[in-house]
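An overview of the molecular structure
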Amino acid sequence: MTLRLYDTATRSVRDFVPREAGKVGVYLCGLTLQAPPHIGHLRSGVNYDVLRRWLTASGFEVTFIRNLTDIDDKVLVKAMEQERPFWSIAYANEQILADSYRALNVLLPTYEPRATGHIPEMHELITRLIETGHAYPATDGSGDVYFDVASWPAYGSLSGQSPEDMQSAGDAPDRGKRDPRDFALWKGAKPGEPADAYWPSPWGRGRPGWHIECSAMSWRYLGPEFDIHGGGLDLTFPHHENEIAQSQAADLPFARYWVHHGLLGIGGTKMGKSLGNTLDLDYVASLGVRPVELRYYYAAAHYRSRIDYSEDALREAAVAYRRIEGFVQRAAERVGAGQPGELPAGFVAAMDDDLNTSAALAVLHEVVRDGNTALTAGDDVTVRTTLAATRAMLDILGVDPLDPAWTGGGRADDLRGVVDSLIALALEQRAQARSRKDWAAADAVRDQLKQAGVVVEDTPQGPRWTIGEQD
């Protein structure tokens, strides 16, 4: 079965045919760095990481570009509020974002460009648009340059909107525009804004508008035309609509497929910095939920579906993952970890069907059930094959518990060693109590460990422990 993806531009699920056989170029709109990321942002990173892993598993060489918006109205507002350089705020939040993605086992992009590093490419694009009559410098002395929406008849096609029904772009005062719907490509320096947030240009000292940066950076790293453009549904308009218009008007074919992910909301509303309803990784950790379990929570829902966050749903996902993890750990102890094996046909079909991870997980759980049955029956041959298949599926989703990303390194290994030693001491005390038939003392040790989140299971090979709940 050929990979099929939902394309926002055509509003249909289409066979994926890359521009160049065997290679895929992906551009993902990254974060605006005015504040640290919340778990809604991190869903985007995980969703497109799964897409990337699936493309790679399908035999494609993937070039994956994920940008960072480090200069923007929102960043400048924070800079003035906090009386800090804009670049200081952007860089600090970039580091938190990188740590968060690392915690969630999101693969590093091929390159992660910053908007401020691509001013020359933006100038070149803007100049093209002015020369072809699709953009114009404002005549009010502001130094702004605007895209002329009326010059591009296809404007609105991505979002399905009619230009006649659109309101002002809202990114600058209308006085310098020919039409309120026109959007800023370049913003002239304004009184009261940070003095270090500007660059020289043919139109005067200023900074880029939000939309031009993605057209410039995708062009720089993926060429005039590339395969997949990703981002949240909330970016469809105006951001992506404007990207298409300015790129194609500059004679760049741009993206062949538009793959948008659903948003993560809370209490029936969008999770957003401006709404003050954001949750971060530290909050999730305070619930006793590990990053790998949060990643599983993201993957359990189809990427295009909306997730309305609830602690109950997150905890249920964590319990479901711990069951899978428990099988992998028991099977590895029994037959060795081995390597990820062949993917089941049902899993492949589900992933090829617009990355249907919920159907793919149904296949995964069925294989795990077969593996647990084999463990009980002592059928090591089946245990080995089901473990290999399970690890292969978990690897695509980025949640294989035997992946070094989750087994840790450095400080994480040090802490694991400390925990291992403390639990080993508790289990030795429990064993001594059992040997003298002091069942109450033995049960008390087990119950205290359980209260700390450590589950003890007695096996023919001796007691084993895991973090979380038993099947």
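Only a predicted model underlies this, so the values are computations on that prediction, with no experimental measurement involved. (Residues numbered from 1 in each chain as written. Predicted model: local features only at pLDDT ≥ 70, side-chain atom pairs only at ≥ 80, totals over all residues. Heavy atoms only, no water.)

1. Topic: the overall build of the chain
This is how the line gets drawn: Elements are defined by DSSP. Helices are runs of H or I of four residues or more, strands are runs of E of two residues or more, and each kind is numbered from the N terminus. Only protein chains enter the accessibility calculation, which uses a 1.4 Å probe. A residue is then buried if its area is under 20% of the maximum for its type, exposed if over 50%, and partly exposed in between. In what follows, residue pairs with any heavy atoms lying within 4.5 Å of each other are defined as contacts. Surface exposure here means Shrake-Rupley accessible area, sampled with a 1.4 Å probe, where a residue is shielded only by the protein chains that are shown. In this charge count, Lys and Arg are treated as positive and Asp and Glu as negative; neither His nor the chain ends contribute. Note that the charge is assigned to NZ on lysines, CZ on arginines, CG on aspartates and CD on glutamates.
Counting its regular elements, the chain contains 15 helices and 15 strands. Principal axes of the C-alpha set define a box for the chain whose edges measure 90 × 50 × 35 Å. Within the chain, buried positions represent 52% of all 471 residues. Contacts in the chain between residues far apart in sequence, at least 24 positions, make up 74% of those at least 6 positions apart. Surface exposure of the chain reaches about 20800 Å², of which carbon and sulfur atoms provide 51%. Distance from the positive charge centre (48 side chains) to the negative charge centre (65 side chains) of the chain: 3 Å.

2. Describing unusual backbone geometry
Pro238 follows Phe237 through a cis peptide bond whose omega is 5°. Of note, Pro238 is situated in helix α6 (residues 236-249). With a phi angle near 60°, Asn105 is a residue other than glycine that sits in the positive phi range. Mapped onto the fold, Asn105 is located in the loop between α3 (86-103) and α4 (119-131). In the Ramachandran plot, Phe254 falls in the positive-phi region, its phi being about 70° despite a non-glycine side chain. Structurally, Phe254 is set in strand β10 (residues 254-261). On the basis of relative accessibility, which here comes to 2%, the residue Phe254 falls in the buried class.

3. Digging into the packing of aromatic side chains
Put simply, the rule is: The rule is short: rings of Phe, Tyr and Trp, with Trp giving its six-membered ring, pair when the centres are within 6.5 Å, and they are stacked under 30 degrees, edge-to-face over 60, tilted in between.
Under the defined criterion, the tally for this structure stands at 15 aromatic pairs. For the ring pair Trp186 and Trp203, a centre distance of 6.3 Å and an interplane angle of 55° mean the geometry is tilted. Of the two residues, Trp186 sits in strand β7 (residues 183-188) while Trp203 sits in the loop between β7 and β8 (206-208), which places them 17 residues apart along the sequence. Each member of the pair, Trp186 as well as Trp203, carries the same accessibility label: buried. Arranged with centres 5.9 Å apart and planes meeting at 50°, the rings of Phe254 and Trp258 form a pair that is tilted.

4. Side note on helix α2 (residues 73-82)
Our working definition: Comment: arc refers to directions from the helix axis out to C-beta atoms. Throughout this description, a polar contact denotes any pair of N or O atoms lying within 3.5 Å of each other; where both atoms belong to protein, one of them has to be capable of donating a hydrogen while the other can accept it, and for residues adjacent in sequence the pair is counted only when both atoms sit in side chains.
Buried residues of α2: Val75, Leu76 and Ala79, and no others. Looking straight down α2, one finds its buried side chains confined to an arc of 95°; they lie on one side. In α2, the exposed positions angled more than 90 degrees off the buried face are occupied by Lys74 and Glu81. For α2, the elements touching its buried residues are α3 and β8. Between the side-chain oxygen of the N-cap and the backbone nitrogen of Lys74 there are 2.8 Å, and the N-cap of α2 in question is Asp72. Following α2 by one or two positions, Glu83 has its phi on the positive side, about 55°.

5. Focus: the environment of Ala392
Mapped onto the elements of the fold, Ala392 is located in helix α12 (residues 380-397). In this structure Ala392 touches Pro340, Gly341, Glu342 and Leu343, once residues within four positions along its chain are discounted.

6. Things to note about the nonpolar core
To keep it simple, the criterion reads: Here, nonpolar core means buried Ala, Val, Leu, Ile, Met, Phe, Trp, Tyr and Cys residues that are tied together by side-chain atoms lying within 4.5 Å of each other.
Grouped together as the largest cluster of nonpolar side chains are 76 residues, with contacts concentrated most on Phe16, Ile39, Leu55, Ile228, Leu294, Tyr297 and Tyr298. Considering each element in turn, this core owes the most residues, 10 residues, to helix α9 (residues 311-335). In this view, Ile228 contacts Leu5, Phe16, Val24, Gly25, Val26, Tyr27, Leu51, Leu55, Tyr257 and Val259; residues no more than four positions away in its chain are not counted. One finds Ala197, Cys214, Phe226 and Ala250 within the second-largest nonpolar core, a separate group that totals 46 residues.

7. Points about the UniProt feature "short sequence motif: 'HIGH' region" (unreviewed entry) in the chain
The cut-off we apply is this: UniProt positions are given in the numbering used here, feature names are shortened, and annotations may be inferred rather than shown by experiment.
As annotated in UniProt, the feature "short sequence motif: 'HIGH' region" (unreviewed entry) corresponds to residues 31-41 in the numbering used here. Taken end to end, residues 31-41 comprises 27% helix and 0% strand; its first and last C-alpha atoms sit 8 Å apart.

8. Considerations on the sheet that holds β8
Rules: Two strands are counted as paired when DSSP detects at least two bridges linking them. Each axis is a line fitted through C-alpha atoms, taken for helices only over the stretch in contact, and angles between the N-to-C directions span 0 to 180 degrees.
Strands sit in the order β5-β6-β7-β8 across an open sheet of four strands; the sheet is antiparallel. Single-partner strands in this sheet number two, and they are β5 (135-137) and β8. Across this sheet, the average inter-strand angle for adjacent strands is 20°, counted without regard to direction. Looking at chain direction, strand β6 (residues 145-147) and β7 are connected through three bridges and run antiparallel. For Tyr146, the partnering residue across the bridge sits in β7 and is Ala184.

9. Overview of the sheet that holds β10
Strand order in the open sheet made by the four strands is β4-β3-β9-β10, with parallel pairing throughout. The open sheet terminates on both sides in strands that have one partner only, identified here as β4 (61-66) and β10. The average angle at which neighbouring strand axes cross in this sheet is 25°, direction not considered. Sheet topology note: the strand β3 (residues 23-28)/β4 ladder contains six bridges and is parallel. Bridged to Leu28 within β4 is Arg66. Where helix α5 (residues 212-222) meets the sheet, it contacts β3, β4, β9 (225-232) and β10, and its direction lies at approximately 155° from that of β3.

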